[in-house]
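Here is how the chains run, residue by residue.
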Amino acid sequence: MTVHLHWFLPTGGDGRTLVDRHAYTDGGVKRSRITPVSGIRAPDIEYLTQIAKAAEQLGFEAVLTPTGTWCEDAWLTTVALSQHTERLKFLVAFRPGVISPVLAAQMAATYQRITRGRLLLNVVTGGDSTEQRRFGDHLDHDRRYARTAEFLSVVRGVWSGRPYDFEGEHYQIEGGLTALPPDPLPEIFFGGSSAAAGPVAARHSDVYLTWGEPPQQVKEKIEWIRGLAEEEGRTVRFGIRLHTISRDASAEAWATAHRLLDDLDADTVAAAQQALGRSESVGQQRMLALHGGSRDRLEIAPNLWAGVGLVRGGAGTALVGSHAEVADRIEEYHALGVEHFVLSGYPHLEEAYWFGEGVIPELSTRGLLPRIPASQAGVTPWPDGASPGVPLLVAGGR
């Protein structure tokens, strides 16, 4: 089992700080500033294209794009970026409660034809009722997961290319059809830490995605989902969502991590923790429990830093260290059964280069990445007599 590496598209804004989305009323789209934070980058198509092209050139397989109020629409943004890239796949996050499952299946089919098969789907059930109500969704937490299960049943049903009927609590479909099914069928990534989420993952997901908890906790999650999937007669693969701060020397990486906290005063952290604490997401509550809102013990496992979660929801941990140390931690998670690594960093353009030019060669040397012909990978092979199996990256950056 080799490692699949994915990067992230900051469609809600990017920058050299952890507080960028708190610095603008519009997430950076129009740069309507309410607090004086420097180094903010709006998520315009030109900047996102830079990140997508860098990810493709550096050897990432796909990029995840988020969904939510403060993000650009994931479907429209990524299909536009597909016209500026050749091989890069797009892990499109979307909420099943705000779109018809038959329409979503049709959109996926169209997307596959436009991009020649470069779509992956990240199903986000939603853990914040306030956010859900903005989109007209008033179901409670557990009923949202029940609806997601029905949604995915319909999507897979209509992908058969034959009329499909479904009678459920949330969807009643008569003759649902995707006349030209997607080819290939997009893999479905799905996450959720609650009792309501587990059976949905086991029954419907191709890849179960967890946030970056310490290895022992990740191991327990994998065993939980694997057991549920076996009861369904299915096999589920596993992925993890992490930030990264990788440098030539460990001390330099930790210095960068500490600088990210410089903009965070006690009031900013307290306000963010209060807002995040209202989330219904069990995964979010597990993220908060890793640090308890305190800066005192943020290295919660070797090279695993919880500082991002002081002010940001979702993935709140980062791998921090030298390139070899970060590769060690990836190898450790991989040994537990994690195959897909969905990574990000601040800013996303520069951190893609740090990881791509530092960690990817380490992983290649260890045999954790597939051998890709240089003509497909966008890299130049090593000259005769140089280190075999490790690509010479020709992209710029540090």
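Cut-offs used in this document
Residues numbered from 1 in each chain as written. Predicted model: local features only at pLDDT ≥ 70, side-chain atom pairs only at ≥ 80, totals over all residues. Heavy atoms only, no water. Helix = DSSP H or I, 4+ residues; strand = E, 2+ residues; numbered from the N terminus. Buried < 20%, exposed > 50% of the residue type's maximum accessible area, 1.4 Å probe, protein only. Contact = heavy atoms within 4.5 Å. Areas by Shrake-Rupley, 256 points an atom, 1.4 Å probe, with all protein chains shown as cover. Core = buried A, V, L, I, M, F, W, Y, C linked by side-chain atoms within 4.5 Å. Right-handed = clockwise from strand over helix to strand, strands pointing away. Phe/Tyr/Trp six-rings, centres within 6.5 Å; stacked < 30°, edge-to-face > 60°.

**Student:** For this particular structure, what's the right way to read the overall build of the protein chain?
**Tutor:** For the protein chain, the helix and strand inventory stands at 13 helices and 15 strands. Residues classed as buried in the protein chain amount to 56% of the 398 residues present. Contacts in the protein chain between residues far apart in sequence, at least 24 positions, make up 72% of those at least 6 positions apart. Surface exposure of the protein chain reaches about 16700 Å², of which carbon and sulfur atoms provide 51%.

**Student:** Looking at this structure, how should I read the nonpolar core?
**Tutor:** Burial of nonpolar side chains together is a common tendency in soluble globular proteins. Residues Leu5, Ile330, Tyr333, Phe341, Phe355 and Leu363 are the most contacted members of the largest nonpolar core, which totals 74 residues. Not counting residues up to four positions away in its chain, the partners in contact with isoleucine 330 are Val3, Leu319, Phe341, Phe355, Val359 and Leu363.

**Student:** What is the right way to read the pairing of strand β4 (residues 62-65) from this model?
**Tutor:** Within a regular beta strand, the side chains point alternately toward one face of the sheet and then the other, so they alternate between its two faces. Because side chains alternate across β4, one face comprises the buried residues Ala62 and Leu64, and the other comprises Val63 and Thr65, equally buried. Between the parallel pair β4 and strand β5 (residues 89-94), the chain is carried across by helix α2 (residues 74-82), and the sense of this crossover is right-handed.

**Student:** So what exactly am I meant to see when it comes to the packing of aromatic side chains here?
**Tutor:** The geometry of an aromatic ring pair is captured by two quantities: the separation of the ring centres and the angle between the planes. Within the structure shown, the criterion is met by nine aromatic pairs. Note on phenylalanine 94 and phenylalanine 151: the rings are 5.9 Å apart at their centroids and 50° apart in plane angle, and the pair reads as tilted. Separated by 57 residues along the polypeptide, phenylalanine 94 in strand β5 and phenylalanine 151 in helix α5 (residues 141-158) bring together distant segments of the chain. Take phenylalanine 94: its relative accessible area is 5%, and that puts it in the buried class. The exposure class of phenylalanine 151 is buried, given its relative accessible area of 0%. Their ring planes at 75° and their centres at 6.3 Å tell us that tyrosine 208 and phenylalanine 238 sit as a pair that is edge-to-face. Separated by 30 residues along the polypeptide, tyrosine 208 in strand β10 (residues 207-211) and phenylalanine 238 in strand β11 (residues 237-247) bring together distant segments of the chain. Residue tyrosine 208 is classed as buried on the basis of its relative accessible area, which comes to 2%. A relative accessible area of 2% places phenylalanine 238 in the buried class. Connected via pairs of aromatic rings, a cluster forms that spans Trp75, Phe94, Tyr111, Phe151 and Tyr171.

**Student:** Any chance you could explain unusual backbone geometry here in plain terms?
**Tutor:** When glycine is set aside, most residues are seen to have a negative phi, and most peptide bonds are trans. Proline 184 follows aspartate 183 through a cis peptide bond whose omega is 5°. Locating proline 184 in the fold gives a position in the loop between β8 (172-176) and β9 (188-190). In this model, tyrosine 346 is joined to proline 347 through a cis peptide bond whose omega is -5°. As for its position among the elements, proline 347 is in the loop between β15 (338-344) and α12 (348-365). Unusually for a residue other than glycine, arginine 116 sits at a positive phi of about 60°. Here arginine 116 lies in the loop between α3 (101-115) and β6 (119-123). Its relative accessible area of 76% is what places arginine 116 among the exposed residues.

No statement about biological role is implied by the geometric values presented.
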